[in-house]
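In case you want the letters, here they are:
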Amino acid sequence: MWLARQFLSSVVQRSQYAGQSGLFHRPRHGCLPKLEPRYLQCTSCWQSRVPVAGFETLYASITSPSTSEPCDEANRSLDACYTSEQKDTILQMLNNASPSELAGVKLLRGRKSVNIVEYRTKNGPFKTLESVVNVPLLKHKSAVTVFNSILNPVKRERNVRIQLAKFIRPEVDRSWLEEANAIVSIVCGTNKIAWAHVDREMMVLDWQELECPHFLKGTYLASAYLNDVSAVLKVLPSANFYIIEKSSISVQNTALFPIMAHMRTVEAMLFSLLEPRNLAQDSNIPPKVLNMMRPAVGRHFELMVGDSRTSGARAVRKLMSDSVTKELPRINFPPNLLMKYRNAFQMSSKGEGEELCNALLQAVAFYELLSKSSA
């Protein structure tokens, strides 16, 4: 680009001072240096003369600033970043699309698409791009991403398998995971089941645990296990996906075989009760229940020491603290949950609340690892 500018500048300058020898020539009379088009000789046909038409337009387009400069600066007007045609396209989408159509635009899944519809219903259609930042959860930088996504929509291919096999089983299409509005992360312990209900906006909707009095009691009576697991399902919130922690206990570890058998039994019951459909009959239906590898979550939060995973209580306390003190925390908690668990997960609690910690960390790791793998 720099060489092109230099070349054209030198051509124009030479034409002004060298008379008829340049690409342009100037009349001998007159006070203003008016440029007139001359001709280029065709090298493949010496009888042809090619007029240099529009050369000054090319020079102007090279030397003039681009109309599509980046709009990363927060102090720059959003309307100045786009042409009138681009603004019309963006406003047409934002003023007329339904919440489900808006959810197909990058960053507009979940609450943001609903906020846009509510804002335009209350205040009328958007007249400028700058007015979009008045919508809750939409700021300058995210608005630019939304506008660019509208102008350059990305077509998703359903038949592309995601590369998440290291921490998610079974394999599913990435687009199904990315379109999920919320997940329930489930962790089974030796005497309780804990879960964390987290939406796409990284807001904790529900976070609790339930005692299972028949776990690891007596002869592992199947009906007793079923009663405990069914009691959990009655209060479990609905979601697009249920993510169940996959234990890393080795089959070769005979000392922990009773624990492994217990975990596998509860896991199998959860899969069966939460996934009543026959997925083999319709491959276009995504599985509702998935496994997430426990070591993958441990590595994500740096909790692994060799092959063993340490407590996640400190990581959870940090997430809770950041949700209050930081403008953009990794995850947000409603006030009632912050109050409920403000004194929980202390180092002196001797493992109490470990399932709760693991359920929350698994939900955070799911969204963050999914985001990293799609970058």
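In the block above lies the structure referred to throughout.
Residues numbered from 1 in each chain as written. Predicted model: local features only at pLDDT ≥ 70, side-chain atom pairs only at ≥ 80, totals over all residues. Heavy atoms only, no water.

Asks: What's the story with the overall build of the protein in this structure? I'm lost.
Replies: When helices and strands are tallied, the protein shows 13 helices and 12 strands. Of all intrachain contacts in the protein linking residues separated by at least 6 positions in sequence, the fraction that spans at least 24 positions is 58%. For the protein, the accessible area works out to roughly 22,000 Å², and carbon and sulfur atoms hold 55% of it. (Helix = DSSP H or I, 4+ residues; strand = E, 2+ residues; numbered from the N terminus. Contact = heavy atoms within 4.5 Å. Areas by Shrake-Rupley, 256 points an atom, 1.4 Å probe, with all protein chains shown as cover.)

Asks: Before we go on, may I ask you to explain the side chain of D79 in this structure?
Replies: Positionally, D79 belongs in the loop between α2 (55-63) and α3 (84-96). No salt bridge forms around the buried D79; measuring N to O, its nearest opposite-charge neighbour K87 is 4.5 Å away. Of the polar contacts made by the side chain of D79, one reaches the backbone nitrogen of E130; its length is 3.1 Å. In this structure, D79 is in contact with K87, T128, L129 and E130, ignoring residues within four places of it in sequence. (Buried < 20%, exposed > 50% of the residue type's maximum accessible area, 1.4 Å probe, protein only. Lys, Arg positive; Asp, Glu negative; His and termini not counted. Salt bridge = Lys/Arg side-chain N within 4 Å of Asp/Glu carboxyl O. Polar contact = N/O pair within 3.5 Å; in protein donor to acceptor, adjacent residues only side chain to side chain.)

Asks: In this structure, what is going on with the sheet that holds strand β10 (residues 289-293)? I would like to understand it.
Replies: Backbone hydrogen bonds are what pair the strands of a sheet, in a parallel or an antiparallel way. Pairing within the open sheet is mixed, and its six strands lie in the order β5-β10-β9-β6-β7-β8. Edge strands, defined here as strands with exactly one partner in the open sheet, are β5 (168-169) and β8 (204-211). (Pairing = 2+ DSSP bridges.)

Asks: I tried to follow empty space enclosed by the protein on my own but got confused; where do I start?
Replies: One way to see where empty space is left: roll a probe the size of a water molecule over the atoms. Enumeration over the complete set of coordinates arrives at one cavity of 30 Å³ or more. Taken as a whole, the largest cavity holds about 70 Å³ of empty space. As for the largest cavity, its lining consists of C188, I244, E245, S247, M263 and E267. Class assignment of the residues belonging to the lining of the largest cavity gives a composition of three nonpolar, one polar and two charged. (1 Å grid on protein atoms, 1.4 Å probe; cavity = no way out; pocket = protein on both sides within 12 Å on 5 of 7 lines; lining within 4 Å. Points joined across faces, edges and corners; volume = space filled by probe spheres on them. Nonpolar A, V, L, I, M, F, W, Y, C, P; charged D, E, K, R; others polar.)

Asks: Is there a simple way to think about the packing of aromatic side chains in this case?
Replies: Each aromatic ring pair is specified by the distance between its two centres and by the angle formed by the two planes. The full count for this structure, using the stated rule, is eight aromatic pairs. A centroid spacing of 5.7 Å and a plane angle of 45 degrees characterise the contact between W207 and F333, whose relative ring orientation is tilted. Of this pair, W207 sits in strand β8 while F333 sits in the loop between α11 (313-325) and α12 (335-340); the two residues are 126 residues apart in sequence, bridging distant segments of the chain. For the pair formed by W207 and F333, the shared burial category is buried. (Phe/Tyr/Trp six-rings, centres within 6.5 Å; stacked < 30°, edge-to-face > 60°.)

Asks: Would you explain the packing of α3 against helix α6 (residues 140-151) in this entry?
Replies: In a packed pair of helices, the relevant descriptors are the angle between the two axes and the axis-to-axis distance. Between α3 and α6, the shortest axis-to-axis distance is 10 Å and the interhelical angle comes to 100 degrees. Relative to α6, the element α3 is oriented roughly perpendicular. Here Q86, T89, I90, M93 and L94 of α3 come into contact with α6, specifically with F147, I150 and L151. For the contact of α3 with α6, the per-class residue count stands at six nonpolar, two polar and no charged. (Axes fitted to C-alpha atoms, helices over the stretch in contact; angles between N-to-C directions. Parallel < 35°, antiparallel > 145°, perpendicular 65-115°, else oblique.)

Asks: Mind showing me how you'd approach the layout of surface pockets here?
Replies: Computed from the structure, the largest pocket encloses a volume of approximately 1,800 Å³. Within the residue set of the lining of the largest pocket, elements represented by two or more residues are α5 (111-123), α6 and α13 (354-373). If you tally residues by element for the lining of the largest pocket, the top one is α6, at five residues. Counted by class, the lining of the largest pocket contains 14 nonpolar, nine polar and 15 charged residues. Mapped by element, the contributors of at least two residues to the lining of the second largest pocket are β6 (182-188), α9 (257-274), α10 (294-300), β12 (308-309) and α13.

Asks: Is there a simple way to think about the environment of Y242 in this case?
Replies: Among the structural elements, Y242 can be located in strand β9 (residues 241-246). Sequence-wise, Y242 and E275 are 33 residues apart; in three dimensions their C-alpha atoms are separated by 9.4 Å. Reaching out from Y242, the side chain makes a polar contact with the backbone oxygen of P237 at a distance of 3.1 Å.

Asks: Even after reading the chapter, I still don't get the packing of helix α8 (residues 222-235) against α9, so can you show me in this structure?
Replies: Closest axis-to-axis distance for the α8/α9 pair is 10 Å, and the angle between their directions is 55 degrees. Taken together, the axes of α8 and α9 are oblique relative to one another. The way α8 lies across α9 gives a crossing that is right-handed. Residues A222, Y225, L226, V229, S230 and L233 of α8 touch α9, and the partners they reach there are H262, T265, V266, M269, L270, L273 and L274. Taken together, the residues that form the contact of α8 with α9 break down as 10 nonpolar, three polar and no charged. (Left-handed = near helix turned anticlockwise from the far one by under 90°.)

Asks: Help me understand α9 in this model?
Replies: An α-helix turns once every 3.6 residues. As a result, residues three or four positions apart point the same way. For α9, built from 18 residues, the straight-helix expectation of 26 Å at 1.5 Å per residue is met to within 8% by its first-to-last C-alpha distance of 26 Å. Those residues of α9 that are buried are in contact with β6, β7 (192-199), α8, β9 and β10. (Expected span 1.5 Å × (residues − 1).)

Asks: What should I look at first to understand the pattern of salt bridges in this one?
Replies: Side chains carrying opposite charge are able to pair once their charged atoms draw close together. If you walk through the whole model with that rule in mind, you get nine salt bridges. Across the pair K318 and D322 runs a salt bridge whose closest N-O atoms are separated by 2.8 Å. Taken together, the residues span about one helical turn, with K318 and D322 both in helix α11 at a distance of four residues. Judged by relative accessible area, which is 45%, K318 ranks as partly exposed. The salt bridge involving E368 is made with R330; its shortest N-O contact spans 2.7 Å. Linking E368 in helix α13 with R330 in the loop between α11 and α12, this pair joins segments that are 38 residues apart in sequence. Classification of E368 as buried rests on a relative accessible area of 18%.

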